[in-house]
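# An overview of the molecular structure
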Amino acid sequence: MISAILIEGLIYGIMVLGVFATFRVLNFCDMTVDGSFPMGACVLAACLTHGIPPVVALLIAFTVGMLAGLCTTLIYTKLHIPDLLAGILTMTMLYSVNLRIMSNKANVSFLRIETLFTKVNAFMVDRMPGIESSLGIVVFLLIVVLIIKFLLDVFYHTDLGLTMGALGSNPQLVVSQGMNPNIIRGIGICFSNGLAALAGAFAAMYNGFADVGMGTGVVVSGLASLMLGEFVLRSNKIGLQTLRVLIGSIIYRALMMLARNYGRYIHMTANDLKLITGILIIICLIVSRTDIFNRFKQKKFYSDVLKTEQKRDRVK
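Just so you know, these numbers come straight off a predicted model, no measurement behind them.

Our focus in this paragraph is the overall build of the protein chain. Helix and strand counts for the protein chain stand at 13 helices and 2 strands. The 316 residues of the protein chain split such that 47% are buried. Excluding contacts between residues fewer than 6 apart, the proportion of contacts in the protein chain whose partners are at least 24 apart in sequence is 77%. As displayed, the protein chain has an accessible area near 16,600 Å², and 66% of this comes from carbon and sulfur atoms.

We now examine the nonpolar core. Counting residues in each nonpolar core, the largest one holds 84 residues, and the members touching the most others are Met15, Leu44 and Phe202. Element by element, the count of residues in this core is highest for helix α1 (residues 2-25), at 13 residues. Setting aside anything within four residues of it in sequence, one finds Leu44 in contact with Ala57, Leu58, Phe110, Ala201, Ala204 and Met205.

The contact between helix α2 (residues 33-49) and helix α4 (residues 83-101) brings their axes to 9 Å, and the two run at 10°. With respect to each other, α2 and α4 are oriented roughly parallel. Packed against α2, whose contacting residues are Asp34, Gly35, Ser36, Pro38, Met39, Cys42, Val43 and Ala46, the element α4 presents Met91, Leu94, Val97, Asn98 and Ile101 at the interface.

So, on to the state of the cysteines. By definition, a disulfide links the sulfur atoms of two cysteine residues through a covalent bond. One pass over the full model with this rule turns up 0 disulfides. Free cysteine: Cys71, not disulfide-bonded; nearest cysteine sulfur from Cys190 at 9.9 Å.

The next subject is the layout of surface pockets. Considered as a void within the structure, the largest pocket measures approximately 460 Å³ in volume. Mapped onto the lining of the largest pocket, the elements with two or more residues apiece are α1, α9 (181-207), α10 (218-232), α11 (238-262) and α12 (273-290). Ranked by the residues each element gives to the lining of the largest pocket, the list is headed by α11, at 4 residues. A per-class count over the lining of the largest pocket returns 11 nonpolar, 6 polar and 4 charged. Put simply, the second largest pocket is a space of about 330 Å³. Of all the elements, helix α6 (residues 133-156) adds the most residues to the lining of the second largest pocket, at 6 residues. Here the residues of the lining of the second largest pocket are counted per class, giving 15 nonpolar, no polar and no charged.

The final tally for this structure, using the stated rule, is 8 aromatic pairs. On the numbers, 5.8 Å between centres and 80° between planes, the contact of Phe62 with Phe191 is edge-to-face. Of the two residues, Phe62 sits in helix α3 (residues 54-78) while Phe191 sits in helix α9, which places them 129 residues apart along the sequence. Through successive ring pairs, a cluster of aromatic residues spans Phe117, Phe140, Phe202 and Tyr206.

Bringing the pattern of salt bridges into the picture now. Within the structure shown, the criterion is met by 2 salt bridges. The closest approach of N and O atoms between Glu230 and Arg24, which form a salt bridge, is 2.5 Å. Of the two residues, Glu230 sits in helix α10 while Arg24 sits in helix α1, which places them 206 residues apart along the sequence. A relative accessible area of 16% places Glu230 in the buried class. Overall, Arg24 belongs to the partly exposed group, its relative accessible area being 39%. Of the charged contacts in the structure, one is a salt bridge between Asp153 and Lys149, with a shortest N-O distance of 2.7 Å. You can see Asp153 and its partner Lys149 sitting in helix α6, 4 residues apart, about one turn around the helix.

Here we come to the environment of Met164. Inspection of the secondary structure assignment puts Met164 in helix α7 (residues 159-169). For the pair Met164 and Pro181, spaced 17 residues apart in sequence, the C-alpha separation works out to 8.6 Å. Leaving out residues up to four positions away in the same chain, Met164 has contacts with Val25, Leu26, Phe155, Ile184, Ile187 and Gly188.

Cut-offs applied
- Residues numbered from 1 in each chain as written.
- Predicted model: local features only at pLDDT ≥ 70, side-chain atom pairs only at ≥ 80, totals over all residues.
- Heavy atoms only, no water.
- Helix = DSSP H or I, 4+ residues; strand = E, 2+ residues; numbered from the N terminus.
- Buried < 20%, exposed > 50% of the residue type's maximum accessible area, 1.4 Å probe, protein only.
- Contact = heavy atoms within 4.5 Å.
- Areas by Shrake-Rupley, 256 points an atom, 1.4 Å probe, with all protein chains shown as cover.
- Core = buried A, V, L, I, M, F, W, Y, C linked by side-chain atoms within 4.5 Å.
- Axes fitted to C-alpha atoms, helices over the stretch in contact; angles between N-to-C directions.
- Parallel < 35°, antiparallel > 145°, perpendicular 65-115°, else oblique.
- Disulfide = S-S within 2.5 Å.
- 1 Å grid on protein atoms, 1.4 Å probe; cavity = no way out; pocket = protein on both sides within 12 Å on 5 of 7 lines; lining within 4 Å.
- Points joined across faces, edges and corners; volume = space filled by probe spheres on them.
- Nonpolar A, V, L, I, M, F, W, Y, C, P; charged D, E, K, R; others polar.
- Phe/Tyr/Trp six-rings, centres within 6.5 Å; stacked < 30°, edge-to-face > 60°.
- Salt bridge = Lys/Arg side-chain N within 4 Å of Asp/Glu carboxyl O.

Here it is, written out as structure tokens:
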């Protein structure tokens, strides 16, 4: 159960890193992820069934996801359609595109085709027969996710990354510097959807099939993971912000796993998972507005100061 939580948390953590780039860094409400996530899975299925190596298929999925983000960017910038509606339009159109990618099939299975995960399982069985094979997938995904996190941390410390962060908080500052905000925003949106498509490809590889409906509610779950991570770890450093994104994703998947396995004791079924996600987001928003954590920290700080002063008085 723990290995399954870690695998799902790391896979969807890649998608949440993309959601973080649009919703937090760019302050752009992008719903395209609900379409680009299954698009990555559909592209992977089409590539594997046509004999393309898994690594190449993952790169193609990432590239196609970036093209989906480019479509949203063009709708937003050239047609002057609001960001939320632009993402919904692209997401809606991608449903038909995903069906075309999989030859008008809603579901494609590739359980008998060798993937990166099957190679990792075979390696674990041959070299380490006493260890659970899923542990190898956890280690493999951990390495991949850490590499992506490291590259993102380095990018956000570059001039382009800093400008992207400034665009989300103060667009007029970017314009006053003579930069085109549409180009900078487009780069972030494209990269975000590329990560979402890559996560969808990994999810399909782990499940052994691709489905055009597997992206329903992905943005909502990404936002829930993002907010959960912000409660666990609060910092302005970009390295810690990307780390808490991954932590929040794992926590969210753990909560969903507990709800699926033990929800029957309170008459809860799998149909209630979306309801739980919505309630989690509402609770996170309420807590963030009331600022309970900061009040608690202030009380703790003042109590520590009071204890220190009392110790000084005793010494005197």
